[in-house]
Amino acid sequence: YTSLAIQELESGRPIPLAGLPVDLRLKYPRFSPDSRYFSFVQAIPDGLELWVADLAAGKAARLTLPVLTAVMSFPYLWSPDSKSLVCRTRPSAAPFQETAELPAGPAIQEATGAKAAAWTYQDLLRNKNDERKFDFYGACAVTRYTLDGAAMPWLPARIYRELDLSPDGEY
């Protein structure tokens, strides 16, 4: 999204927001569980930043540097108490290092002509370099950010398919 307008449902009153990025590229919008805050990801050339808007104050501010990743799933979750956000963060800002790998022999595939019930996507990871690339881009660390921007490492860098918080937000 390239613009944002928020309004109160009961009264229809618009809620003006100051401090939004000049070149807004809004992704992954969410309200906090208590509806006091509005969060979104700003996509910039260097990566994904998390922004939070305090709706009562009418002010938006960047919460993180461009460290978020959305490769495997939604890049952040609100804690149930609306006091922090749990984010998928890139373990490293370094680019992936390609390695040249010579094939062991010719690539041979057989097609029997038998019909399948559904499309299949075989050979997506064709070699060890593709496996390393998947591990590099698929892995994320999990970091908890408080609303003042303090970062607390929470889970080590691994491939997490899905994240859910316990009802109290501690686990």
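Nothing here was measured: the structure is a model prediction, and the numbers come from that model.

Once that is clear, we can look at the layout of surface pockets. Of the volumes computed, that of the largest pocket is approximately 190 Å³. In terms of lining residues, the largest pocket is bounded by Ile6, Gln7, Glu8, Arg13, Ile15, Phe31, Ser35, Arg36, Leu55 and Ala56. Within the lining of the largest pocket, the residues separate by chemical class into five nonpolar, two polar and three charged. Taken as a whole, the second largest pocket encloses approximately 150 Å³ of empty space. Lining the second largest pocket are Thr69, Val71, Arg90, Pro91, Ser92, Ala93, Ala94, Phe136, Tyr137 and Ala139.

The four strands lie next to each other as β7-β8-β9-β10, forming an open sheet whose pairing is antiparallel. The sheet terminates laterally at β7 (76–78) and β10 (151–158), the two strands that pair on one side only. Averaged over all pairs of adjacent strands, the angle between strand axes in this sheet comes to 15 degrees, irrespective of strand direction. Relative to strand β8 (residues 84–89), β7 is paired through three bridges, and the arrangement is antiparallel. Counterpart to Trp78 in the pairing with β8 is Leu85.

Judged by nonpolar contacts, Tyr37, Val41, Leu48, Leu50, Val52, Leu63, Leu68, Tyr76, Trp78, Leu85, Cys87 and Tyr145 together constitute the single largest core of twelve residues. Of all the secondary structure elements, the ones that give two or more residues to this core are β4 (37–44), β5 (47–54), β7 and β8. When residues of this core are assigned to their parent elements, the largest contribution, three residues, is made by β5. Every residue in contact with Leu48, bar those within four places of it in the chain, is listed here: Val41, Gln42, Ala43, Thr64, Leu65, Pro66, Val67, Leu68, Thr69 and Ala70. One finds Leu17, Leu24, Ala53 and Leu55 within the second-largest nonpolar core, a separate group that totals eleven residues.

On to a negative patch on the surface, then. Taken together, Asp34, Asp81, Asp168 and Glu170 make up a surface patch of like negative charges. What makes Asp81 partly exposed here is its relative accessible area of 45%.

Taken together, the side chains of Val71, Met72, Tyr121, Leu124, Leu125, Phe134, Phe136, Tyr137 and Ile159 present a nonpolar region at the surface, about 870 Å² in accessible area. Topologically, Leu125 is positioned in the loop between β8 and α1 (128–138).

Attention now moves to the sheet that holds β4. Strands in a sheet are paired, the pairing made by backbone hydrogen bonds, and the direction either parallel or antiparallel. Strand order in the open sheet formed by four strands is β3-β4-β5-β6, and the pairing between neighbours is antiparallel. This sheet does not close on itself; its edge strands, each paired only once, are β3 (26–31) and β6 (59–62). For this sheet, the mean inter-axis angle between neighbouring strands, taken without regard to orientation, is 20 degrees. The pairing of β3 with β4 spans four bridges and is antiparallel. Within β4, the residue paired with Arg30 across the bridge is Ser39.

What counts and what doesn't
Residues numbered from 1 in each chain as written. Predicted model: local features only at pLDDT ≥ 70, side-chain atom pairs only at ≥ 80, totals over all residues. Heavy atoms only, no water. 1 Å grid on protein atoms, 1.4 Å probe; cavity = no way out; pocket = protein on both sides within 12 Å on 5 of 7 lines; lining within 4 Å. Points joined across faces, edges and corners; volume = space filled by probe spheres on them. Nonpolar A, V, L, I, M, F, W, Y, C, P; charged D, E, K, R; others polar. Pairing = 2+ DSSP bridges. Helix = DSSP H or I, 4+ residues; strand = E, 2+ residues; numbered from the N terminus. Axes fitted to C-alpha atoms, helices over the stretch in contact; angles between N-to-C directions. Core = buried A, V, L, I, M, F, W, Y, C linked by side-chain atoms within 4.5 Å. Buried < 20%, exposed > 50% of the residue type's maximum accessible area, 1.4 Å probe, protein only. Contact = heavy atoms within 4.5 Å. Patch = residues over 30% accessible without salt bridge, like charges linked within 9 Å, V, L, I, M, F, W, Y side chains within 5 Å. Areas by Shrake-Rupley, 256 points an atom, 1.4 Å probe, with all protein chains shown as cover. Salt bridge = Lys/Arg side-chain N within 4 Å of Asp/Glu carboxyl O. Lys, Arg positive; Asp, Glu negative; His and termini not counted. Charge placed at Lys NZ, Arg CZ, Asp CG, Glu CD.

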